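Analysis of the macromolecular model
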Amino acid sequence: MPKTDRPADVGRLLGALGLCARAGRLIYGVPMICDALRAGRSGKIPLLVLEAADTSPNTHKRITDRCAYYAAETVRLPVEGAELAHAVGHTGVLAAVGVTDPNLVRAVRAALPAQPVNKPPDSTAG
């Protein structure tokens, strides 16, 4: 059930995620995100992984470790899994979603509330 007392920037973020879902540029759920990172097919790799606030410590570690290894950016959202699922048109609960389109990643980043982002290490630094 969506919350109505959330800040406007969180509403913009969930709207941007809904747009990504309608465009077919989201990967839903931790197992699918991990599989997509491992497969590494062009156009199917999550460039930005958004994690719900209520994920377990084990799930959080799994997501952050995989994304760090495969150089994908991760953000922990200020919304719960049920709210994240509702925003992208799913029922139940989603622990994470991955955005695969670079242009939509920019739109989602612009809608993110100000918070720290776990960026992958720079592989070009010598």
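Here, the structure is the one placed above.
Summary of the structure given here. Within any chain, residue numbers begin from 1 and follow the written order of that chain's sequence. Totals for whole chains, interfaces and linings use every residue, but because this is a predicted model, local features are given only for residues with pLDDT of at least 70 and side-chain atom pairs only at 80 or more, for both listing and counting. Excluded from the side-chain calculation are hydrogens and water; included are all heavy atoms of the structure.

**A look at helix α3 (residues 57–69)**
Secondary structure follows DSSP: runs of H or I at least 4 residues long count as helices, runs of E at least 2 residues long count as strands, and numbering of each begins at the N terminus. What a helix is expected to span follows from its residue count: subtract one and scale by 1.5 Å. Under the 1.5 Å per step criterion, the end-to-end length of α3 is 18 Å for 13 residues, consistent within 8% with the ideal 18 Å. Each residue is assigned to one of three classes by its accessible area relative to the maximum for its type, calculated with a 1.4 Å probe on protein chains only: buried under 20%, partly exposed between the two thresholds, exposed over 50%. Among all positions in α3, only I63, T64 and C67 are buried. All buried residues of α3 lie within an arc of 90° about the axis, which places them on one face of the element. Opposite its buried face, α3 presents the exposed residues P57, N58 and Y69, each directed more than 90 degrees away. Looking at the packing, one finds that the buried side of α3 touches α2 (30–39), β2 (48–51), β3 (73–76) and β4 (96–99). Just beyond α3, the residue with positive phi is A71, at close to 60°. The arc in question is the one spanned by the directions pointing from the helix axis to the C-beta atoms. What makes two residues a contact is simply this: any of their non-hydrogen atoms within 4.5 Å.

**Observations regarding unusual backbone geometry**
Outside of glycine, negative phi angles account for most residues, and trans bonds account for most peptide bonds. Positive phi, close to 60°, is recorded for A71, a residue that is not glycine. Looking at where A71 falls in the secondary structure, it is placed in the loop between α3 and β3.

**Topic: the pairing of β2**
Side-chain direction in a regular strand flips from residue to residue, so the side chains alternate between the two faces of the sheet. In β2, alternate side chains face the same way, and those of L48 and L50 on one face and V49 and E51 on the other are all buried. Relative to β3, β2 runs parallel, the two sharing 4 bridges. Paired with L50 across the strands is V75, a residue of β3. Place the viewer so that the strands point away; then a crossover is right-handed whenever the path from the first strand over the helix to the second strand goes clockwise. Crossover handedness for the path β2 to α3 to β3: right-handed. Note that β2 and β4 share 4 bridges and pair antiparallel. Strands were regarded as paired on the criterion that DSSP finds at least two bridges between them.

**A word on the sheet that holds β2**
What the 4 strands build is an open sheet, ordered β1-β4-β2-β3; its pairing is mixed. On the outer flanks of this sheet lie β1 (26–28) and β3, each paired with one strand and no other. Shown here is a sheet whose adjacent strand axes are inclined to one another by a mean of 20°, direction ignored. Simply put, an axis is a line fit to the C-alpha atoms, just over the touching stretch for a helix, and the angle between two N-to-C directions goes from 0 to 180 degrees. Of the strands in this sheet, β1, β2 and β4 touch helix α1 (residues 8–23), which is tilted by about 95° from β1.

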